[in-house]
Amino acid sequence: MTPEDALRLLPKAELHCHFVSTMRASTLVELAARHRVPLRTDDLDALFAYEGLPDFLDVFNAAHAALTTGDEIARVAYEGVEDAVRAGNLRYREYFVNPDNFRDAGIGYTSLVDAMTDGLVQAERDFGVGFRIVAAINRSLPAATAVDLVGTVLAHPRDAVVGIGMDDLTPELTEDPLRFQEAYALAARHGLRGTAHVGETLSADPRNVADAVFGLGVERVDHGYRVVDDADVLARVGEAGVPFVCTPFSTRMLSGWGFDPGHRIARMVRAGLRVTLATDDAVFFRTDIGREYSEALPAMGLGLDDAVRIARVGFEAAWCDESQRERMLADLRGAALALSA
Ligand SMILES: [Zn+2]
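Procedures and definitions
- Residues numbered from 1 in each chain as written.
- Predicted model: local features only at pLDDT ≥ 70, side-chain atom pairs only at ≥ 80, totals over all residues.
- Heavy atoms only, no water.
- UniProt positions renumbered as here; feature names shortened; annotations may be inferred.
- Helix = DSSP H or I, 4+ residues; strand = E, 2+ residues; numbered from the N terminus.
- Rg over C-alpha atoms; globule rule 2.2 N^0.38 Å.
- Contact = heavy atoms within 4.5 Å.
- Buried < 20%, exposed > 50% of the residue type's maximum accessible area, 1.4 Å probe, protein only.
- Lys, Arg positive; Asp, Glu negative; His and termini not counted.
- Salt bridge = Lys/Arg side-chain N within 4 Å of Asp/Glu carboxyl O.
- Polar contact = N/O pair within 3.5 Å; in protein donor to acceptor, adjacent residues only side chain to side chain.
- Pairing = 2+ DSSP bridges.
- Axes fitted to C-alpha atoms, helices over the stretch in contact; angles between N-to-C directions.
- Donors = N, O, S within 2.8 Å, 3.2 Å for Na, K, Ca; no water.
- Tetrahedral: all angles 85-135°; square planar, octahedral: opposite > 155°, others 65-115°.
- Core = buried A, V, L, I, M, F, W, Y, C linked by side-chain atoms within 4.5 Å.
- Right-handed = clockwise from strand over helix to strand, strands pointing away.
- Left-handed = near helix turned anticlockwise from the far one by under 90°.
- Nonpolar A, V, L, I, M, F, W, Y, C, P; charged D, E, K, R; others polar.

- Under an unreviewed UniProt entry, the protein has the name Adenosine deaminase domain-containing protein and belongs to Microbacterium betulae.
- In the Cofactor (unreviewed entry) part of its UniProt record, the protein is described as follows: "Zn(2+)".
- What UniProt records for the protein under Sequence similarities (unreviewed entry) is the sentence "Belongs to the metallo-dependent hydrolases superfamily. Adenosine and AMP deaminases family."

Have a look at this one:
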């Protein structure tokens, strides 16, 4: 077995993954044809080779438009798990989904999460992969829309939906986490967990990480790379033990950061932060959870011991039941022993 195989076979939890981007490429082409949604190309190799952000948004929007029924949403959910198990031994996943993005297609919040749940429950039966759903605030919409979204989640409780997150950027192209303080406070008052995309790119402010953790009270941070650029913020979040869910291939895609030992994710690991890995936009960024470990980690100078720690943080930081967590951590311990032997 090669070191890459060992990294691929390690059991993994993925906590930062946008539902629509787990759609199998061939399924996207098929559903787009069925619903007469134009794609930039039908060539599977070329479909995800973007010249710039507009190309990506083209595909991203087409994927939403191509999902029009509960059966289609459930199928995408199921296939996404099947593919990730094969690619990187996925054992547990949390999905971000922006209900506001499905409104144009006429799919309401409960139809959306119930259809996702149908597919994910079936996948859990067949592949043993646990899951939870996180409703994501689309930051390009007003703060009041975020409060409405939390209200909708609270009005329709579902066991699978355990928290809220926040992605995209504000209309001013900033992260500005504190703009959404009211939505996060409402969610926390009613027992929903919180996470947020902050500190992602060079244009983001490192202080956004501190604002999300200490201002919004999030339990986890998505991305957060700029934290290593501010010693004070780094020390404070390190002390707080906040887990960071980092996505290597997406940093290369969106920020052009090469994989080397100076990569901010490697620096976060070396600084002792609790880091785990995920795909962000798996299929649409031409990555999978296996590659995030087997390709990105060695190129950043990190080995199997680091990978085991990174995988462990994924299970520790998952918003699942405690019994499920214990089981998954025990499986990881066994696999880590076997793979290092
Ligand atoms: Zn993301």
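Alright, that's what it looks like, and here's the rest.
### Quick look at the overall build of the protein
No. 1: Of the regular secondary structure elements, the protein holds 15 helices and eight strands.
No. 2: Expected size for 341 residues packed as a compact globule is a radius of gyration near 20 Å; at 19 Å, the protein falls within 12% of this value.
No. 3: Along the three orthogonal principal directions, the C-alpha set of the protein runs to about 50 × 45 × 45 Å.
No. 4: Long-range contacts, defined as pairs at least 24 residues apart, comprise 75% of the intrachain contacts of the protein with a sequence gap of at least 6.

### A word on the side chain of Asp-280
No. 1: Looking at where Asp-280 falls in the secondary structure, it is placed in the loop between strand E8 (274–277) and helix H13 (289–299).
No. 2: With no salt bridge to any partner, buried Asp-280 finds its closest opposite charge in Arg-139, at an N-O distance of 10 Å.
No. 3: Among the polar contacts listed, one links the side chain of Asp-280 to the side chain of Ser-250, at a separation of 3.0 Å.
No. 4: Non-local contacts of Asp-280, meaning those with residues more than four positions away in its chain, are made with Glu-14, His-16, Cys-17, His-18, His-197, Glu-200, His-223, Thr-247, Ser-250 and Phe-285.

### Let's talk about the side chain of Arg-93
No. 1: Among the structural elements, Arg-93 can be located in strand E2 (residues 90–97).
No. 2: In terms of polar contacts, Arg-93 uses its side chain to reach the side chain of Glu-14, at 2.9 Å.
No. 3: Residues in contact with Arg-93, not counting those within four places in the same chain, are Glu-14, Cys-17, Thr-22, Gly-80, Val-81, Ala-84, Val-129, Gly-130, Phe-131 and Arg-132.

### What about the sheet that holds strand E6 (residues 220–223)?
No. 1: Overall, parallel pairing links the eight strands, which are arranged E1-E2-E3-E4-E5-E6-E7-E8 in an open sheet. Edge strands, defined here as strands with exactly one partner in the open sheet, are strand E1 (12–18) and E8. Taking the axes of each pair of neighbouring strands and ignoring which way they run, one obtains an average angle of 25 degrees across the sheet.
No. 2: As paired elements, E1 and E2 share five bridges and run parallel to each other. For Ala-13, the partnering residue across the bridge sits in E2 and is Tyr-92.
No. 3: The sheet contacts of H13 involve E1, E2 and E8, and relative to E8 the element is tilted by about 120 degrees.

### Some words on the coordination of the zinc ion
No. 1: The protein atoms donating to the zinc ion are His-16 (NE2), His-18 (NE2), His-197 (NE2) and Asp-280 (OD), with metal-donor distances spanning 2.1 to 2.2 Å.
No. 2: Taken together, the four donor atoms coordinating the zinc ion and their angles of 85 to 171 degrees define a geometry best described as irregular.
No. 3: Counting the intervening residues between successive donors of the zinc ion yields the motif H-x1-H-x178-H-x82-D. Within this pair, whereas His-18 is found in strand E1, its partner Asp-280 is found in the loop between E8 and H13, the two being separated by 262 residues in sequence. Residues His-18 and Asp-280 agree in their burial class; the two are buried.

### Focus on the nonpolar core
No. 1: Membership of the largest hydrophobic core comes to 114 residues, with the highest contact counts inside it found for Phe-19, Leu-28, Phe-244 and Phe-284.
No. 2: Other than its neighbours up to four places away in sequence, Phe-284 contacts Val-20, Ser-21, Met-23, Leu-28, Phe-48, Tyr-50, Phe-56, Val-59, Phe-60 and Ala-63.
No. 3: Of all hydrophobic cores here, the second largest spans five residues; its members include Val-134, Ala-136, Val-162 and Trp-319.

### Section: the UniProt feature "domain: Adenosine deaminase" (unreviewed entry) in the protein
No. 1: Residues annotated by UniProt as "domain: Adenosine deaminase" (unreviewed entry) correspond here to residues 11–330.
No. 2: Note that residues 11–330 is 49% helix and 15% strand, and that its end C-alpha atoms are spaced 10 Å apart.

### Overview of unusual backbone geometry
No. 1: Phi at Asp-176 takes a positive value of approximately 35 degrees, unusual for a residue other than glycine.
No. 2: Following the sequence through the fold, Asp-176 ends up in the loop between strand E4 (161–167) and helix H8 (181–189).
No. 3: According to the relative accessible area criterion, Asp-176 is partly exposed, its value standing at 28%.
No. 4: Positive phi is not limited to glycine here, since Asp-280 has a value of about 70 degrees.

### Some details on the pairing of E4
No. 1: For E4, the tally of buried residues reaches seven of seven residues, placing the bulk of the element in the interior.
No. 2: Inspection of the sheet shows strand E3 (residues 130–138) paired to E4 by six bridges, in the parallel sense. Its bridge partner lying in E4, Asn-138 is registered against Asp-167.
No. 3: The pairing of E4 with strand E5 (residues 193–198) spans two bridges and is classified as parallel. By the bridge assignment, Ile-164 is partnered in E5 with Gly-194.

### A few points about the pairing of E3
No. 1: For E3, the buried fraction is high: nine of the nine residues fall into the buried class.
No. 2: Burial of the side chains of E3 extends over both faces: Gly-130, Arg-132, Val-134, Ala-136 and Asn-138 are buried on one face and Phe-131, Ile-133, Ala-135 and Ile-137 on the other.
No. 3: Taken together, E2, helix H6 (residues 109–127) and E3 constitute a β-α-β crossover, and its handedness is right-handed.
No. 4: As a crossover connection, the stretch from E3 through helix H7 (residues 143–155) into E4 is right-handed.

### Some details on the packing of helix H2 (residues 25–34) against helix H4 (residues 53–66)
No. 1: The geometry of H2 relative to H4 is characterised by a closest axis approach of 9 Å and an angle of 65 degrees between their N-to-C directions. Crossing hand, H2 versus H4: left-handed. Facing H2, whose interface residues are Leu-28, Leu-31 and Ala-32, H4 presents Val-59, Ala-63 and Ala-66.
No. 2: Class assignment of the residues belonging to the contact of H2 with H4 gives a composition of six nonpolar, no polar and no charged.

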